[in-house]
Amino acid sequence: MMMTDEWLNIIECAEELSEMILRSDVATEYRKASQAVYTDKDLVKAIQSFTDLKERYEEVQRFGKYHPDYNIVMKSIRADKRALDVNEQVAALRLSENDVQQLLDEVSTIIAQSVSVAVKVPAGNGLFTTSCEGGCGSGGSCSCSA
């Protein structure tokens, strides 16, 4: 594929769009929420502990309830996950991640639909849907067969 002036223009515009997204309120809030989580030493330790426990969980899952540590690991992972889930800083980070994902999904959809409504756009959020998933003729959720 040869790089043409048109390609260079598209790449420059994509970089501008990227900069606009990075300067957006949504991205700024995400960075603030991320910094709040990852500068809290106790929270970082809790996250690392949970990550380590997830590795043990995966090991236990291979053997199921026959693993000697099955009950301990299962109870521990639920308790640790719950503790992280109810933490205000972690919750704020998750919400801001969702907001960034929604923005990226919407931008991707706008770009794709400017080319054609049949262009498929991967969405990072299971709740994010378009009117015709899978493209026309695929028998997608819109049941179109054009």
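Sequence order as written defines the numbering, with residues in each chain counted from 1. Given that the model is predicted, a residue must reach a pLDDT of at least 70 before its local features are reported, and side-chain atom pairs must reach 80 or more before they are shown or counted; all residues, however, enter totals for whole chains, interfaces and linings. No hydrogens and no water enter the side-chain calculation; it runs on all heavy atoms of the structure.

Considerations on the overall build of the protein
Keep this limit in mind: Secondary structure follows DSSP: runs of H or I at least 4 residues long count as helices, runs of E at least 2 residues long count as strands, and numbering of each begins at the N terminus. For the exposure calls, accessible area comes from a 1.4 Å probe over protein chains only, and a residue counts as buried if that area is under 20% of its type's maximum, exposed if over 50%, partly exposed in between. Whether two residues are in contact is decided by their heavy atoms, any of which lying within 4.5 Å being enough.
Tallying secondary structure elements over the protein gives five helices and zero strands in all. Helices (α) and strands (β) of the protein occur, in sequence order from the N terminus, as α-α-α-α-α. Counting over 146 residues, the protein shows a buried share of 20%. Taking as baseline every contact in the protein between residues at least 6 positions apart, the subset at least 24 positions apart corresponds to 42%.

Some details on a negative patch on the surface
Threshold: Only residues whose relative accessible area exceeds 30% and that form no salt bridge enter a patch; like-charged residues are grouped when within 9 Å of one another, and nonpolar side chains (Val, Leu, Ile, Met, Phe, Trp, Tyr) when within 5 Å. Surface accessibility in these figures is a Shrake-Rupley result with a 1.4 Å probe; residues are shielded only by whichever protein chains are displayed. By salt bridge we mean one thing: a side-chain nitrogen of Lys or Arg within 4 Å of a carboxyl oxygen of Asp or Glu. Charge convention: Lys and Arg are scored as positive, Asp and Glu as negative, and His as well as the terminal groups of each chain are ignored. Lysine's charge is taken at NZ, arginine's at CZ, aspartate's at CG and glutamate's at CD.
Side chains of Glu-12, Glu-15, Glu-16 and Glu-19 sit close together on the surface and give a patch of like negative charge. Note on placement: Glu-15 falls in helix H1 (residues 5–23).

A word on the confidence of the model for the protein
As a reminder, the rule being used: pLDDT: the predictor's confidence for each residue, scored from 0 to 100.
Residues with a pLDDT of 70 or more make up 82% of the protein, whose mean pLDDT is 86. Here helix H3 (residues 41–63) stands out as the least confident element of the protein, with mean pLDDT 94; helix H2 (residues 25–38) is the most confident, with 98. Contacts for the low-pLDDT stretch residues 128–146, under 50 throughout, to residues beyond four places or in other chains number 20 contacts.

A look at a nonpolar patch on the surface
Taken together, the side chains of Met-3, Trp-7, Leu-8 and Ile-11 make up a nonpolar region of the molecular surface, amounting to roughly 360 Å² of accessible area. Relative to the assigned elements, Ile-11 resides in helix H1. The exposure class of Ile-11 is partly exposed, given its relative accessible area of 33%.

Considering the pattern of salt bridges
For the coordinates displayed, the defined rule picks out four salt bridges. Lys-81 is the salt-bridge partner of Asp-85, the closest N and O atoms lying 2.9 Å from each other. Taken together, the residues Asp-85 and Lys-81, both in helix H4 (residues 70–85) and four residues apart, mark about one turn of the helix. The class of Asp-85 is partly exposed, set by a relative accessible area of 27%. A relative accessible area of 40% means that Lys-81 is categorised as partly exposed. Between Asp-85 and Arg-94 there is a salt bridge whose closest N-O contact spans 2.5 Å. Residue classification places Arg-94 among the partly exposed positions, given a relative accessible area of 39%. When salt bridges with common partners are traced through the structure, they connect Lys-81, Asp-85 and Arg-94 into a single cluster.

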